[in-house]
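Reading the structure
Here are the chains, one letter per residue:
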Amino acid sequence: MKRTPTTAALLSLTLMLGFTACQDESDDLSQSAEPGAEVSVTIVQAEGESEMESVFELVEDEMAIISESLEGGSVSQREHRILAACATVTHHEENRQVTIDFGEENCLGKDGLYRRGTIVISYDGYRHEPGASRTISLQDYYVNDNLLTGTKTITNATEPEGVPAFHITLTEATYTNARGSVSWSSNRQLQVVEGADTPRNPFDNKVQVTGNTSGTNRRGVTFSYTVKEPLIRNTEAGCARTFVDGIIAYENENGLSWTLDYDPVGGQPCDRLGAVTIGEKTYPLTLR
């Protein structure tokens, strides 16, 4: 089975609030500073989501190499796409566990991210088999000097003769940086809707993501968001950092709500443009 693309930078909303109508986080988005402040607070959440997805990408790359080895294939031509020489991978085959140790000093990956700490992957079955699962746990794990915790479980939910599908749960996730700390859990479904017939080419996939997330932001306010229209992600070079289509709906305990549209212009271009709608007002933005 091919390396499955990320679920998403879900809320890869890494809202670098490129609002064309308002260039500063303090600007009024809807005749009240509160909605704008709420979207701004979500930046930390979005960064945490993005960093958690970087873990997923790295693990998928390493597990693809290990899976080929377990199935008797040659991995001599497989290159670590993300992992650098400063990290150590240990495969405990008898215990069905893989440990990726970055050490106590920052280790620069090929994706440009600095990591330290340990990622532990426990697996059951070959990754391409229906019912097979992998559980990813983080131990004293930092990415770009920001602490990330949580446990992610990926289960192959592919139906007979169906497209590759995965059920992904994330529990007790936290992300802490200089601006504060957020916590969240999520439940998502991912389908590889295009590219599954070319398993040796991971860059022609189109992935569809649905599901929901709930948590507490850095101000202590609880929130939730749901995929209102399926999120679409292409893995082609230059396109994989964010979604090209789909809408999420956000709300918090204070009654604030808004939506994020990943394709406000139509056509699913890889342009990183999005739009937030609060009430009757829509604000364009640039996704990181």
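Residues numbered from 1 in each chain as written. Predicted model: local features only at pLDDT ≥ 70, side-chain atom pairs only at ≥ 80, totals over all residues. Heavy atoms only, no water.

1. Remarks on the overall build of the chain
Summing up its helical and strand segments, the chain has one helix and 14 strands in all. Across the 288 residues that make up the chain, the buried fraction comes to 49%. When contacts within the chain are restricted to residue pairs at least 6 apart in sequence, long-range pairs at least 24 apart make up 52% of them. Entry remark: accessible area of the chain is about 12,800 Å², with carbon and sulfur atoms responsible for 45%. (Helix = DSSP H or I, 4+ residues; strand = E, 2+ residues; numbered from the N terminus. Buried < 20%, exposed > 50% of the residue type's maximum accessible area, 1.4 Å probe, protein only. Contact = heavy atoms within 4.5 Å. Areas by Shrake-Rupley, 256 points an atom, 1.4 Å probe, with all protein chains shown as cover.)

2. Considerations on the nonpolar core
A general trend in soluble globular proteins is that nonpolar side chains are found buried together. Counting 50 residues, the largest nonpolar core has F102, I119 and W184 as the members making the most contacts within it. F102 has contacts with L58, L83, C86, A87, C107, R115, R116, G117, I119 and Y141, leaving out every residue within four places of it along the chain. (Core = buried A, V, L, I, M, F, W, Y, C linked by side-chain atoms within 4.5 Å.)

3. Looking at the state of the cysteines
Using the criterion set out here, one finds one disulfide in the structure. At a sulfur-sulfur separation of 1.9 Å, the disulfide partner of C86 is C107. Between C86 and C107, the S-S dihedral sits near 80 degrees, and the bridge is therefore right-handed. Linking C86 in the loop between helix 1 (33–70) and strand 1 (88–92) with C107 in strand 3 (residues 107–108), this pair joins segments that are 21 residues apart in sequence. The partly exposed category is assigned to C86, whose relative accessible area is 40%. According to the relative accessible area criterion, C107 is buried, its value standing at 3%. (Disulfide = S-S within 2.5 Å.)

4. Quick notes on the confidence of the model for the chain
Overall, the predicted model of the chain reaches an average pLDDT of 79, with 77% of residues at or above 70. Between residues 1–33, whose pLDDT stays under 50, and residues either more than four places distant or in other chains, the model counts 123 contacts. This stretch, residues 73–77, has a pLDDT under 50; its non-local contacts, to residues over four places away or in other chains, come to five contacts. (pLDDT = per-residue confidence, 0-100.)

5. Observations concerning the pattern of salt bridges
A complete count under the given rule lists three salt bridges for this structure. One salt bridge connects R96 with D124, and the closest N-O pair in it is separated by 3.0 Å. With R96 in the loop between strand 1 and strand 2 (97–101) and D124 in strand 4 (residues 114–124), this pair connects stretches of sequence that are 28 residues apart. Residue classification places R96 among the partly exposed residues on the basis of a relative accessible area of 41%. For the salt bridge of R116 with D145, the shortest nitrogen-to-oxygen distance reads 2.6 Å. Remark: D145 occurs in the loop between strand 5 (133–143) and strand 6 (146–156) and R116 occurs in strand 4; sequence separation between them is 29 residues. (Salt bridge = Lys/Arg side-chain N within 4 Å of Asp/Glu carboxyl O.)

6. Some thoughts on a negative patch on the surface
On the surface, a cluster of negative charge is contributed by D101, E104, E105 and D140. When you line up the elements, E105 lands in the loop between strand 2 and strand 3. (Patch = residues over 30% accessible without salt bridge, like charges linked within 9 Å, V, L, I, M, F, W, Y side chains within 5 Å. Lys, Arg positive; Asp, Glu negative; His and termini not counted. Charge placed at Lys NZ, Arg CZ, Asp CG, Glu CD.)

7. Here we look at the packing of aromatic side chains
Think of a pair of aromatic rings as described by two things: how far the centres are apart, and how the planes are tilted against each other in angle. Applying the stated criterion to the full structure yields five aromatic pairs. Judged by centre distance (6.4 Å) and plane angle (5 degrees), the rings of F223 and Y225 are stacked. The residues F223 and Y225 share a single accessibility class, namely buried. (Phe/Tyr/Trp six-rings, centres within 6.5 Å; stacked < 30°, edge-to-face > 60°.)

8. Concerning the pairing of strand 13 (residues 273–278)
Two strands pair when backbone bridges link them, and strand 12 (residues 257–261) and strand 13 are joined in this way by three bridges, in the antiparallel orientation. In the strand pairing of strand 13, T259 is matched with T277. Two elements, strand 13 and strand 14 (residues 281–286), share six bridges in a ladder whose sense is antiparallel. Bridge assignment links L273 to a residue of strand 14, and that residue is T286. Between strand 13 and the antiparallel strand that follows it, strand 14, lie two residues; G279 among them carries a positive phi value of about 65 degrees. (Pairing = 2+ DSSP bridges.)

9. Regarding the environment of V44
With respect to the element layout, V44 can be found in helix 1. Residue classification places V44 among the buried positions, given a relative accessible area of 1%. Distance in space between the C-alpha atoms of V44 and R179 is 7.3 Å, their sequence separation being 135 residues. Setting aside its immediate chain neighbours within four residues, V44 contacts Y175, N177, R179, G180, V182 and R218.

10. Considerations on unusual backbone geometry
At R96, a residue that is not glycine, the phi angle is positive and equals roughly 55 degrees. Here the phi dihedral of D140 falls at roughly 45 degrees; this positive angle occurs in a residue that is not glycine. By the secondary structure assignment, D140 is in strand 5. Judged by relative accessible area, which is 66%, D140 ranks as exposed.

11. A look at the side chain of D263
Assignment of secondary structure puts D263 in the loop between strand 12 and strand 13. For the buried D263, which has no salt bridge, the nearest side chain bearing the opposite charge is K206, at an N-O separation of 9.5 Å. There is a polar contact of 3.0 Å between the side chain of D263 and the backbone nitrogen of G266. For D263, the side chain forms a polar contact with the main-chain nitrogen of G267, separated by 3.4 Å. The contact partners of D263, leaving out residues within four places of it in the chain, are V244, D245, G246, Q268 and P269. (Polar contact = N/O pair within 3.5 Å; in protein donor to acceptor, adjacent residues only side chain to side chain.)

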